[in-house]
Amino acid sequence: MNSKIVRFLMLGYCLATVLVPVFILNKLLFFPLFFLSVVLMFLKPIKTLAPWIVILIFLYGFVISLTGDADLALGRQMLLGAFSLFLIYVVIAYNVDMGLALKASGVTLAAIMCGLSFMLMMMPGFFLGDVLLEYYNANELGYYGVRNFGNLQLFMLHHRSSPFLLVPLSLLFMDYLNSRKLLTLFFIGLILVSIVCSASRALMAMAAISLFVLYFNYKTWPLRVLILMAAVPLGLSAFTYLVNETSVLSADEQSNNIKIGHVVSFFNTADWSMLFFGKGLGSYFYTEGYGTVVSQTEITWMDSVRFVGVPLSVLLLGSILFPVRKIFASKELRPTGIIMLLYLLMSMSNPVLFNSFGFLVILWYWSVIIKGQPTVALMPQPRDRKSVV
């Protein structure tokens with residue numbers, strides 16, 4: 001197949017997956033890419049078993065879910081989503097720039113969400129805003145309203161793919177550190193506004209940490225000391241404000257209380273069988289967080305243990321992070337590892353990994369470290385080391 005057509009299909013698949021994941025469009029784009037991947041498995045194999053390991057773990061989880069009490073629709077959705085990881089064969093064979101695809105998808109999503117947020121806040125009742133919001137709610141693309149954290153109230157327009165924005169934000173920030181282009185800075189600002197409008201605490205926190213860590217590592221040690229001298233008091237001041245003036249970090253805050261209920265219920269129901277073998281994808285359990293029986297919570301890795309057990313969850317994490325050895329030995333690959341680790345950290349309290357856009361992030365990560373696709377170096381060239389903080 002022609003390389004331009006393949007790259008166009010991959011870009012379209014990424015855009016459809018991020019913007020309208022509930023529609024059939026991304027499925028229509030996926031099928032030809034998947035069939036091409038099957039052919040490439042034999043013609044152009046890659047030197048990693050990671051895609052096979054991940055998919056076999058999901059297949060195991062789905063099979064045992066058939067023998068117990070589980071949400072089979074959710075299990076089937078997770079299994080089929082995992083098969084998108086086979087697209088790594090297409091990405092490697094045709095040298096598809098997944099970083100570019102993710103940045104384009106992120107900027108497009110941010111532009112749409114910022115535009116809709118502006119209309120809802122500044123032009124209430126405007127017909128276009130009302131039509132888009134009705135379409136947004138009717139297709140369950142996310143949440144709209146006001147989020148309260150004690151004395152802190154935030155406008156909220158949260159797209160279900162909003163957590164994905166962490167990756168394009170970080171990639172664009174790396175671009176800006178090396179190019180200093182105003183257009184790149186504008187895209188960064190656009191995504192940051194969209195992240196604030198999402199009112200997601202985990203996303204906002206990870207975005208701030210990502211920008212800080214990437215900038216910190218970009219600089220030389222003398223400048224890093226100055227950065228820390230400024231960042232530590234600012235961070236302590238922000239923490240003090242959040243503790244004393246808001247309920248963001250309070251155990252009584254609704255979302256926090258729900259997550260605590262999930263964890264308590266997990267330990268109350270855990271047994272040796274579940275810890276070693278799991279109960280299957282989408283297996284039901286009672287959680288005090290919701291006060292009812294559910295098949296999935298916001299805590300990804302806790303659910304992973306429930307689904308496939310501790311040993312396979314550890315193997316799953318290892319296969320995602322280490323499809324090849326010596327990842328962090330290269331300075332050029334280090335920012336990629338940082339971004340992926342932060343994304344995995346965000347998945348500790350949000351279901352952002354084992355879904356359609358989460359698998360896109362894994363594909364991007366694998367494409368960089370397996371193929372060594374062009375990525376912006378973390379450290380500046382010697383002539384740039386005199387740049388100001």
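Our subject is the structure listed above.
All residue numbers refer to position in the chain's written sequence, counted from 1. This being a predicted model, a pLDDT of at least 70 is required before a residue's local features are given, and a value of 80 or more before pairs of side-chain atoms are given or counted; all residues contribute to the totals for chains, interfaces and linings. Calculated side-chain values reflect all of the structure's heavy atoms, with hydrogen atoms and water omitted.

### So, the overall build of the chain
Secondary structure elements follow DSSP: runs of H or I of four or more residues count as helices, runs of E of two or more count as strands, with numbering from the N terminus. Scanning the chain from N- to C-terminus turns up 16 helices and four strands. When we talk radius of gyration, it's over C-alpha atoms, and the globule rule is simply 2.2 Å times the number of residues to the 0.38. Since a compact globule built from 389 residues should have a radius of gyration of about 21 Å, the 21 Å found for the chain is in line with a globular shape. Projected onto its principal axes, the C-alpha coordinates of the chain cover approximately 60 × 55 × 50 Å. Each residue's exposure class comes from its accessible area (1.4 Å probe, protein chains only) as a fraction of the maximum for that residue type: buried when under 20%, exposed when over 50%, partly exposed otherwise. The buried share among the 389 residues of the chain stands at 52%. For the chain, the share of sequence-separated contacts (at least 6 apart) that also reach a separation of at least 24 residues comes to 72%. Pairs of residues are marked as contacts when any of their non-hydrogen atoms sit within 4.5 Å.

### Side note on the environment of M122
Relative to the helices and strands, M122 resides in helix α6 (residues 98–122). Take M122: its relative accessible area is 55%, and that puts it in the exposed class. As for M122 and F83, which are separated by 39 residues in sequence, their C-alpha atoms are 43 Å apart.

### Examining the nonpolar core
Counting residues in hydrophobic clusters, the biggest one holds 107 residues, and the most contacted among them are F58 and W364. Among all residues touching F58, those that are not within four sequence positions of it are M78, L79, A82, L281, L316, F354 and F359. The next biggest cluster of nonpolar side chains, apart from the first, holds seven residues, and it includes F266, F285, V294 and M302. In this description, a nonpolar core means a group of buried Ala, Val, Leu, Ile, Met, Phe, Trp, Tyr and Cys residues linked to one another through side-chain atoms lying within 4.5 Å.

### Topic: the side chain of S161
Within the secondary structure, S161 is located in the loop between β2 (152–159) and α8 (166–179). Residue classification places S161 among the buried positions, given a relative accessible area of 0%. Discounting residues that sit within four places of it in the chain, S161 has contacts with T17, V18, P21, L109 and F357.

### Quick notes on helix α10 (residues 201–218)
What a helix should span is 1.5 Å times the count of its residues minus one. The end-to-end C-alpha distance of α10, which contains 18 residues, comes to 26 Å, matching closely the 26 Å that a straight helix rising 1.5 Å per residue would cover. Those residues of α10 that fall on the buried side of the exposure criterion are R201, A202, L203, M206, A207, S210, L211, L214, Y215, F216, N217 and Y218. Those residues of α10 that are buried lie in contact with β1 (142–149), α8, α9 (182–198), α11 (221–245), α12 (254–269) and α15 (334–346).

### Focus on the pattern of salt bridges
A pair is scored as a salt bridge if a Lys or Arg side-chain nitrogen falls within 4 Å of a carboxyl oxygen belonging to Asp or Glu. Under the definition given, this model contains four salt bridges. Residue E253 pairs with R201 through a salt bridge whose shortest N-O separation is 3.2 Å. Taken together, the residues E253 in the loop between α11 and α12 and R201 in helix α10 connect sequence positions 52 residues apart.

### Quick look at the layout of surface pockets
Its boundaries defined by the atoms lining it, the second largest pocket holds a volume of some 210 Å³. A cavity here means a set of points on a 1 Å grid, drawn over the protein atoms and nothing else, where a 1.4 Å probe fits but cannot get out; a pocket is an open set with protein on both sides within 12 Å along at least five of seven lines, and a residue lines either one if it has an atom within 4 Å of a point. If you go around the second largest pocket, you meet 13 residues; those closest to its centre are I112, M113, Y135, Y136 and L141. Taken together, the elements giving at least two residues each to the lining of the second largest pocket come down to α6 and α7 (127–138). A total of six residues in the lining of the second largest pocket trace back to one element, the largest contributor, which is α6. Gly counts as polar in this scheme, as do all residues outside two lists: the nonpolar Ala, Val, Leu, Ile, Met, Phe, Trp, Tyr, Cys and Pro, and the charged Asp, Glu, Lys and Arg. Split by residue class, the lining of the second largest pocket holds 11 nonpolar, two polar and no charged. Grid points are joined across faces, edges and corners, and a volume is the space filled by probe spheres set on the points.

### A few points about the packing of aromatic side chains
Each aromatic ring pair is specified by the distance between its two centres and by the angle formed by the two planes. What counts as a ring pair is set by centres within 6.5 Å for rings of Phe, Tyr and Trp (its six-membered ring), and what kind of pair is set by the plane angle: stacked under 30 degrees, edge-to-face over 60, tilted for all other angles. If you walk through the whole model with that rule in mind, you get 21 aromatic pairs. Their ring planes at 35° and their centres at 5.9 Å tell us that Y13 and F30 sit as a pair that is tilted. Of this pair, Y13 sits in helix α1 (residues 3–19) while F30 sits in helix α2 (residues 25–43), and the two are 17 residues apart along the sequence. Relative accessible area serves as the criterion here: at 12%, F30 is assigned to the buried category. Arranged with centres 6.5 Å apart and planes meeting at 50°, the rings of F173 and Y215 form a pair that is tilted. Of the two residues, F173 is situated in helix α8 and Y215 in helix α10; the sequence distance between them amounts to 42 residues. An aromatic cluster of at least three residues, connected via ring pairs, comprises Y13, F30, F31, F34, F35, W52, F83, F86 and Y89. Lysine NZ or arginine CZ positioned within 6 Å of the ring centre and within 35 degrees of the ring normal marks a charge as sitting over the ring. R224 extends its terminal NZ or CZ atom over the ring of W221, reaching a point 4.7 Å from the ring centre.

### A look at α1
Taking 1.5 Å per residue as the helical rise, α1 with its 17 residues ought to reach 24 Å, and the 24 Å between its terminal C-alpha atoms agrees with that figure. Of the positions making up α1, those classed as buried are V6, L9, M10, Y13, C14, A16, T17, V18 and L19. Considering only its buried residues, α1 is in contact with α2, α5 (88–93), α6, β2 and α16 (356–371). Nitrogen and oxygen atoms within 3.5 Å of one another constitute a polar contact, given that in protein one can donate a hydrogen and the other can accept it, and given that sequence-neighbouring residues count only through two side-chain atoms. The opening residue of α1, the one whose side-chain oxygen lies 2.8 Å from the backbone nitrogen of K4, is N2.

### As for the pairing of β2
Counting buried positions along β2 yields six of eight residues, so the element is predominantly enclosed. Paired strands, in this sense, are two strands between which DSSP finds at least two bridges. Of the pairings in the sheet, the one linking β1 to β2 comprises eight bridges and is antiparallel in character. What sits directly across from R147, in β2, is L154.

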